[in-house]
Amino acid sequence: MTTTAPTLDARVIALAHHAPRALLEGVLTRYGITFHQSVTLRAAVVAGDSVGRDDLVAQVTGALKTDAATVHGVIEELTAAGLLAADASRLRVTDTGRELYECTAAESAKIAARLYVGIPEEDLATAGRVLTLITDRADTELTNP
């Protein structure tokens, strides 16, 4: 019996997001952090030595499509946990935060490797282009309702 692959639509995208996220959340739970905390910590790590609080809030708000108050709360949680340190209006990742990020990123990379194994590079490139286009269009609609 031959099955036909579904056409890309919102349901397919949602399923492709939520299944791997559930795997990732299993990892994050073992380390005692949430998905929002992980996204925020990653953004701070990628920013380098330090990042302005407002810049970090803007990045995470855009990535998670959430409000600034939520992200400020997550930053406070990470600071209270000793994963971020605050200096005036700037934040930096602590050694503990960097170690946690490296551990969760390594486990996340292993999950991705298992999920993507055997998918041809050209298919991944096509999927990347299509999903980026959809994201860009949705972002445009969110900023220009």
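Residues numbered from 1 in each chain as written. Predicted model: local features only at pLDDT ≥ 70, side-chain atom pairs only at ≥ 80, totals over all residues. Heavy atoms only, no water.

S.K.: Just checking my understanding: could you explain the overall build of the protein chain for this structure?
M.R.: A tally of helices and strands in the protein chain yields six helices and three strands. Going from N to C terminus, the protein chain has its helices and strands arranged as α-α-β-α-α-β-β-α-α. Expressed as lengths along the three principal axes of its C-alpha atoms, the size of the protein chain is roughly 60 × 40 × 25 Å. By residue count, 25% of the 145 residues in the protein chain fall in the buried class. Considering only contacts within the protein chain whose residues lie at least 6 apart along the sequence, 59% involve residues at least 24 apart. Only carbon and sulfur atoms are counted for the fraction: they give 58% of the accessible area of the protein chain, which is about 9500 Å². Charged side chains in the protein chain number 13 positive and 19 negative. The centres of these two groups are separated by 3 Å. (Helix = DSSP H or I, 4+ residues; strand = E, 2+ residues; numbered from the N terminus. Buried < 20%, exposed > 50% of the residue type's maximum accessible area, 1.4 Å probe, protein only. Contact = heavy atoms within 4.5 Å. Areas by Shrake-Rupley, 256 points an atom, 1.4 Å probe, with all protein chains shown as cover. Lys, Arg positive; Asp, Glu negative; His and termini not counted. Charge placed at Lys NZ, Arg CZ, Asp CG, Glu CD.)

S.K.: Even after reading the chapter, I still don't get the packing of aromatic side chains, so can you show me in this structure?
M.R.: Ring pairs (aromatic) are described by centroid distance and by the angle formed between their planes. Evaluated as defined, the whole model comprises zero aromatic pairs. Sitting over the ring of phenylalanine 35, arginine 21 keeps its end group 3.7 Å from the ring centre. (Phe/Tyr/Trp six-rings, centres within 6.5 Å; stacked < 30°, edge-to-face > 60°. Lys NZ or Arg CZ within 6 Å of the ring centre and 35° of its normal.)

S.K.: Got a minute to help me understand the sheet that holds strand β3 (residues 90-93) in this structure?
M.R.: Whether parallel or antiparallel, the strands of a sheet pair through hydrogen bonds between backbone atoms. Read from one edge to the other, the open sheet built from three strands follows the order β1-β3-β2, with strand pairing classed as antiparallel. The open sheet has two edge strands, β1 (51-52) and β2 (84-87), and neither has a second partner. Here β1 pairs with β3 via two bridges, running antiparallel. If you follow valine 51 over to β3, its bridge partner there is leucine 91. (Pairing = 2+ DSSP bridges.)

S.K.: Which parts of the structure should I look at to understand helix α4 (residues 68-80)?
M.R.: Helical geometry note: an α-helix holds 3.6 residues per turn, so side chains three or four residues apart project in the same direction. In this model α4 runs 18 Å from its N-terminal to its C-terminal C-alpha over 13 residues, within 8% of the 18 Å that 1.5 Å per residue would give. Looking only at α4, the buried set comprises Val71, Val74, Ile75 and Leu78. Mapping the buried residues of α4 onto a view down its axis gives an arc of 100 degrees, with all of them on the same face. Exposed residues lying more than 90 degrees from the buried face of α4 are Ala69 and Ala80. Considering only its buried residues, α4 is in contact with α2 (35-47), α3 (53-64), β2 and β3. Where α4 starts, the residue carrying a side-chain oxygen 3.2 Å from the main-chain nitrogen of alanine 69 turns out to be aspartate 67. (Expected span 1.5 Å × (residues − 1). Arc of directions from axis to C-beta. Polar contact = N/O pair within 3.5 Å; in protein donor to acceptor, adjacent residues only side chain to side chain.)

S.K.: How should I be thinking about the side chain of arginine 53 in this particular structure?
M.R.: With respect to the element layout, arginine 53 can be found in helix α3. On the basis of relative accessibility, which here comes to 17%, the residue arginine 53 falls in the buried class. Non-local contacts of arginine 53, meaning those with residues more than four positions away in its chain, are made with His72, Ile75, Glu76, Ala86, Ser89, Arg90 and Leu91.

S.K.: It is not clear to me how the packing of α3 against α4 should be interpreted in this structure. Could you clarify?
M.R.: When two helices pack together, their arrangement is given by the angle between the helix axes and the distance between those axes. Contact geometry for α3 and α4: axes closest at 9 Å, N-to-C directions at 120 degrees. Classified by chirality, the crossing of α4 by α3 is right-handed. Packed against α3, whose contacting residues are Arg53, Leu56, Val57, Val60 and Thr61, the element α4 presents Ala68, Val71, His72, Ile75 and Glu76 at the interface. When its residues are assigned to classes, the contact of α3 with α4 shows six nonpolar, two polar and two charged. (Axes fitted to C-alpha atoms, helices over the stretch in contact; angles between N-to-C directions. Left-handed = near helix turned anticlockwise from the far one by under 90°. Nonpolar A, V, L, I, M, F, W, Y, C, P; charged D, E, K, R; others polar.)

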